[in-house]
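# Architecture and fold: a report
If you want the building blocks of each chain, they are given just below.
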Amino acid sequence: MAEGHGAAAAEAGVRVEAESSSQSQPGVASSRGAMSQEDCISGIRSALNHPTARFLREQMEKSGCQVWPRLIRAATCNSAGGYASQEGIKVCCNHMTLQDEINQVIIHELIHAYDDCVTKNMNWKNCAHHACSEIRANHLSGDCHYKRELLRGFMKIRGHEQDCVKRRALMSVKDNPYCSEAAAKDAVEAVWHICYNDTRPFDRAP
């Protein structure tokens, strides 16, 4: 277990832990050039000091969210990362190759944490609730910036951002065991306009 230490981790008020080998998923592949777990933990600490991550944390605290201290796990898993209510954020180090990737995971998952706190009766088993948070996280985190889309092999110039947000939100909701593919698609379409245009808490930025 690696406890957070130093100015950045102490200011953020979180513990960063390495997931034990018994918790890791067997047979999970790593991305080529994936960083070591030690470097990944260091990267998570740096990501917590990213201006957007700091802003999200401040907004959660202003909203009365009892999020911190929050356990963040450096893990081995199938996706880039995840958030679970009452459990916190997981960064999948076997898919992290750059600091920017860790920053994006932390910011994306912090938006989920914000939604989990400020949204009344938030229910992650509800496909529409999940879809709304995924739309917001993909839109507001910068996950769909055109440079990132180009690196993923998506070359569309016009309308790329909204297409990316819909695609990535649908992928995430389809992975929800409570949502079929059809239910996920219906949920994304049903909440698209209201959730894509919901820019909290960034509409409060100075």
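Up top is the structure these notes are about.
Residues numbered from 1 in each chain as written. Predicted model: local features only at pLDDT ≥ 70, side-chain atom pairs only at ≥ 80, totals over all residues. Heavy atoms only, no water.

This brings us to the overall build of the protein chain. A tally of regular secondary structure across the protein chain gives 8 helices and 4 strands. Residues classed as buried in the protein chain amount to 43% of the 206 residues present. Considering only residue pairs separated by 6 or more positions, the protein chain has 63% of its internal contacts joining residues 24 or more positions apart. Within the structure as shown, the protein chain displays about 10900 Å² of accessible surface, and the carbon and sulfur contribution to it stands at 51%. (Helix = DSSP H or I, 4+ residues; strand = E, 2+ residues; numbered from the N terminus. Buried < 20%, exposed > 50% of the residue type's maximum accessible area, 1.4 Å probe, protein only. Contact = heavy atoms within 4.5 Å. Areas by Shrake-Rupley, 256 points an atom, 1.4 Å probe, with all protein chains shown as cover.)

Turning to the sheet that holds strand 1 (residues 15-18), a few remarks are in order. Reading across the sheet, the 4 strands line up as 1-2-4-3 and stay open at both edges, with mixed pairing between neighbours. Sheet topology places strand 1 and strand 3 (81-84) at the edges, where each strand pairs with a single neighbour. Recorded for the sheet is a direction-independent mean angle of 20° between the axes of neighbouring strands. Two strands pair when backbone bridges link them, and strand 2 (residues 71-75) and strand 4 (residues 88-92) are joined in this way by 4 bridges, in the parallel orientation. Within strand 4, the position partnered with Ala 75 by the bridge is Cys 92. Of the strands in this sheet, strand 1, strand 2 and strand 4 touch helix 2 (residues 37-47), which is tilted by about 165° from strand 1. Across the face of the sheet, helix 4 (residues 99-118) comes into contact with strand 2, strand 3 and strand 4 while running at roughly 15° to strand 3. (Pairing = 2+ DSSP bridges. Axes fitted to C-alpha atoms, helices over the stretch in contact; angles between N-to-C directions.)

For the rest of this paragraph, the subject is the nonpolar core. In terms of nonpolar packing, the biggest core is built from 30 residues, with Cys 40, Ile 44, Val 91, Ile 102 and Ile 106 touching the most fellow members. Of all the secondary structure elements, the ones that give two or more residues to this core are helix 2, helix 3 (51-62), strand 2, strand 4, helix 4 and helix 5 (127-140). With 8 residues, helix 4 is the single largest residue contributor to this core. Two domains share this core, each providing at least three of its residues, namely domain 1 (31-107) and domain 2 (119-205). In contact with Cys 40, not counting residues within four places along its chain, are Met 35, Val 91, Cys 93, Met 96 and Ile 102. Judged by nonpolar contacts, the second largest core, of 17 residues, contains Cys 127, Ile 135, Ala 169 and Trp 192. (Core = buried A, V, L, I, M, F, W, Y, C linked by side-chain atoms within 4.5 Å. Domains from an automatic or database assignment.)

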